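Structure at a glance
Listed below are the residues making up each chain.
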Amino acid sequence: NAGVTQTPKFQVLKTGQSMTLQCAQDMNHNSMYWYRQDPGMGLRLIYYSASEGTTDKGEVPNGYNVSRLNKREFSLRLESAAPSQTSVYFCASSDPVRDLNQPQHFGDGTRLSIL
Amino acid sequence: AQSVTQLGSHVSVSEGALVLLRCNYSSSVPPYLFWYVQYPNQGLQLLLKYTSAATLVKGINGFEAEFKKSETSFHLTKPSAHMSDAAEYFCAVNLNQAGTALIFGKGTTLSVSS
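As a starting point, this report considers the structure included with it.

Rules used in this analysis
- Residues numbered from 1 in each chain as written.
- Chains lettered and ligands numbered in written order.
- Predicted model: local features only at pLDDT ≥ 70, side-chain atom pairs only at ≥ 80, totals over all residues.
- Heavy atoms only, no water.
- Helix = DSSP H or I, 4+ residues; strand = E, 2+ residues; numbered from the N terminus.
- Rg over C-alpha atoms; globule rule 2.2 N^0.38 Å.
- Buried < 20%, exposed > 50% of the residue type's maximum accessible area, 1.4 Å probe, protein only.
- Contact = heavy atoms within 4.5 Å.
- Lys, Arg positive; Asp, Glu negative; His and termini not counted.
- Charge placed at Lys NZ, Arg CZ, Asp CG, Glu CD.
- Pairing = 2+ DSSP bridges.
- Axes fitted to C-alpha atoms, helices over the stretch in contact; angles between N-to-C directions.
- Salt bridge = Lys/Arg side-chain N within 4 Å of Asp/Glu carboxyl O.

As a further point, take the overall build of chain A. Tallying secondary structure elements over chain A gives 0 helices and 11 strands in all. When the elements of chain A are put in sequence order from the N terminus, they spell out β-β-β-β-β-β-β-β-β-β-β. Relative to the compact-globule value of 13 Å for 115 residues, chain A shows a C-alpha radius of gyration of 13 Å, a close match. With 115 residues in all, chain A has 50% of them scored as buried. The long-range fraction of contacts in chain A, counting pairs at least 24 apart against all pairs at least 6 apart in sequence, stands at 56%. Side-chain charges of chain A comprise 11 positive and 10 negative groups, with the mean position of each set lying 6 Å from the other.

So, in structure tokens, the structure goes:
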């Protein structure tokens, strides 16, 4: 009963390095999301994918790219990491097409530090 | 723009006391409303969600929330706090559009003392 799986759980990068955060869900959900969580800011949407083959910008997309690889997987890429991107990143999924009131299911997060 | 306001970034209660966490939303139509809980170093877990079937919603761990349209509020309560309730709580709304994401409040950290 995995739900939403994120890898890695922790990562330390140097400024300018690139990396990809992976997310996979096994609930056959159509929609997937990437959020970042910073102290006192709540969760802010970076990008989302309403369905396979589509992606849209959220509130804070600058410095990130995403790929909806297939229905299960949605990755987040930092091309050139900056200290301002130090944060905890959460992936989530849901199926609002089936039920607008369906909640989102979250992974355990990736804690990313950029030096 | 739609928004969610959680009043009080920190709430402290004694074990056994009433828990009240406040959430107000701004929306021209009643949105879909949720409360999530986050324990340290974990992801978010759904506590409860509002459906139009009832204004008083019961969730897990003894929590409940009441939807008040006239006050645009969806406050979270629990009659008697337990030490294990210490966590961060987020109120969130979903617009009435398929595929759109949640809008989260900034969170309220609940501390419970013995």
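Having put the structure on the table, let's press on.
This part covers the sheet that holds strand S8 (residues 74–78) of chain A. Either a parallel or an antiparallel arrangement is found when strands of a sheet pair, and the pairing is made through backbone hydrogen bonds. Residues and elements named next belong to chain A. Spatially, S1-S3-S8-S7 is the arrangement adopted by the 4 strands of the open sheet, whose pairing is antiparallel. What marks the edges here is a single partner per strand, and that holds for strand S1 (4–7) and strand S7 (64–68). The average angle at which neighbouring strand axes cross in this sheet is 15°, direction not considered. Two strands pair when backbone bridges link them, and S1 and strand S3 (residues 19–25) are joined in this way by 4 bridges, in the antiparallel orientation. Counterpart to Val4 in the pairing with S3 is Gln25.

In the structure shown here, the tally under the stated rule is 5 salt bridges over all chains. For Asp38 of chain A, the salt bridge identified is with Arg44 of chain A, shortest N-O distance 2.8 Å. Across the pair Lys58 of chain B and Glu64 of chain B runs a salt bridge whose closest N-O atoms are separated by 2.8 Å. When its relative accessible area of 63% is taken as the criterion, Lys58 of chain B is described as exposed. Sharing partners across several salt bridges, the network here consists of Arg36, Asp38 and Arg44 of chain A.

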